[in-house]
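Residue-level listing of the chains:
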Amino acid sequence: MRVFQHIATIATIGATTILLTASYAAADQGGGRYWTPMITNTAADSEHRARKAHVARKETAHNKERSILNANARIPSNAKAHNLILQVNTNDPAAMNLALNNATNVAQYYKDLGEKVKIEVVTFGPGLHMLREDTSPVKARIEEMALSTPEISFKACGNTQEKMHSAEKKDIPIIRQAEVVKSGVVRVMELQEKGWSYVKP
């Protein structure tokens, strides 16, 4: 009887050994891992998380500082304001549109640079038709520009308006986007004396 029990015990040990060996081999070939007990260190984990949070806060602060520096680099503190006069003294739609094109292009150029610019379109003589409510071929375009590009303003010569009134025997209405000045020529002179650049399209 003891002999049978001994043989049974040996057989059981042998079978168990074979099964364990096969299981470890299969896990090794399949790239699996044996189970190992996990040992956690709560203090170390907390310190690691705190360190990661500190690094993240420093990086966020650095990025904000860099954004502010980049923005300031685009707008120099001593940047000069740019001022331009565009004169229109002819009743020619092409010349009027050219003046508006120049004004729009200059305004956009300095806007892209983050620099300030003022542009005045001064009309006198036959060029006053550009700003007349009843005869302007560019009235609709000026209305749109007044809303989208406030850097551009329009001046109408009062002397010319009076002469047209006398010649046509009627009131000469000026579009609401324009301001009447006493003399268009004097306006150009005074702005130039203040350092404004002058262009006749």
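No experiment lies behind these values; they were computed from the predicted model shown. (Residues numbered from 1 in each chain as written. Predicted model: local features only at pLDDT ≥ 70, side-chain atom pairs only at ≥ 80, totals over all residues. Heavy atoms only, no water.)

### Observations regarding unusual backbone geometry
Peptide bonds are trans in most cases, and residues, glycine excluded, mostly fall at negative phi.
Moving on, step 1. You will see that Lys169, though not glycine, has its phi angle at about 55°, which is positive.
Moving on, step 2. The topology assignment puts Lys169 in the loop between helix H5 (158–168) and strand S4 (178–181).
Moving on, step 3. The class for Lys169 is exposed, based on a relative accessible area of 71%. (Helix = DSSP H or I, 4+ residues; strand = E, 2+ residues; numbered from the N terminus. Buried < 20%, exposed > 50% of the residue type's maximum accessible area, 1.4 Å probe, protein only.)

### With respect to the packing of helix H3 (residues 93–113) against helix H4 (residues 139–148)
Moving on, step 1. Axis separation between H3 and H4 bottoms out at 12 Å; the angle between their running directions is 15°. As far as their axial angle goes, H4 and H3 are roughly parallel. Along this stretch, H3 crosses H4, giving a crossing that reads as left-handed. Residue-level inspection shows Asn97, Leu100, Asn101, Ala103, Thr104 and Lys111 of H3 in contact with H4, the latter providing Arg141, Ile142, Met145 and Ser148.
Moving on, step 2. Considering only residue class, the contact of H3 with H4 consists of four nonpolar, four polar and two charged. (Axes fitted to C-alpha atoms, helices over the stretch in contact; angles between N-to-C directions. Parallel < 35°, antiparallel > 145°, perpendicular 65-115°, else oblique. Left-handed = near helix turned anticlockwise from the far one by under 90°. Contact = heavy atoms within 4.5 Å. Nonpolar A, V, L, I, M, F, W, Y, C, P; charged D, E, K, R; others polar.)

### Topic: the packing of aromatic side chains
Moving on, step 1. Scanning the model with the defined rule gives one aromatic pair in all.
Moving on, step 2. For the pair Tyr109 and Tyr110, a centre-to-centre distance of 5.0 Å together with 90° between the ring planes defines the contact as edge-to-face.
Moving on, step 3. Exposure remark for Tyr110: the relative accessible area of 19% places this residue in the buried category. (Phe/Tyr/Trp six-rings, centres within 6.5 Å; stacked < 30°, edge-to-face > 60°.)

### Considering H3
Moving on, step 1. For H3, which comprises 21 residues, the first-to-last C-alpha distance of 31 Å matches the rise-based estimate of 30 Å (1.5 Å per residue) to within 8%.
Moving on, step 2. At the N-terminal boundary of H3, the capping side chain belongs to Asp92, with an oxygen 3.1 Å from the backbone nitrogen of Ala94.
Moving on, step 3. Just downstream of H3 lies Gly114, where phi reads positive at about 75°. (Expected span 1.5 Å × (residues − 1). Polar contact = N/O pair within 3.5 Å; in protein donor to acceptor, adjacent residues only side chain to side chain.)

### Side note on helix H6 (residues 184–193)
Each turn of an α-helix holds 3.6 residues, which means side chains three or four residues apart point in the same direction.
Moving on, step 1. Where H6 is concerned, the buried positions are Gly184, Val188 and Leu191. In a view along the axis of H6, the buried residues occupy a sector of 70°, so they form one face of it.
Moving on, step 2. Structurally, H6 contributes buried residues whose contacts are with strand S1 (82–88), strand S2 (117–123), strand S3 (152–157), S4 and strand S5 (197–199).
Moving on, step 3. Where H6 begins, the side chain of Ser183 points an oxygen toward the backbone nitrogen of Val185, at a separation of 3.5 Å.
Moving on, step 4. Looking one or two residues beyond H6, the residue adopting positive phi is Gly195, at roughly 100°. (Arc of directions from axis to C-beta.)

### Focus: the sheet that holds S1
Sheet strands associate in pairs through backbone hydrogen bonding, adopting either a parallel or an antiparallel arrangement.
Moving on, step 1. Taken together, the five strands give an open sheet; going across it, the order is S4-S3-S2-S1-S5, and neighbouring strands pair in parallel fashion. The sheet is open, and its two borders are formed by S4 and S5, each paired with just one other strand. Here the average twist between neighbouring strands, direction ignored, is 25°.
Moving on, step 2. Pairing analysis gives three bridges linking S1 to S5, with the strands arranged parallel. Bridge assignment links Leu84 to a residue of S5, and that residue is Ser197.
Moving on, step 3. Across the face of the sheet, H5 comes into contact with S3 and S4 while running at roughly 45° to S3.
Moving on, step 4. Sheet strands touched by H6: S1, S2, S3, S4 and S5. Its angle to S2, the strand with the most contacts, is close to 155°. (Pairing = 2+ DSSP bridges.)

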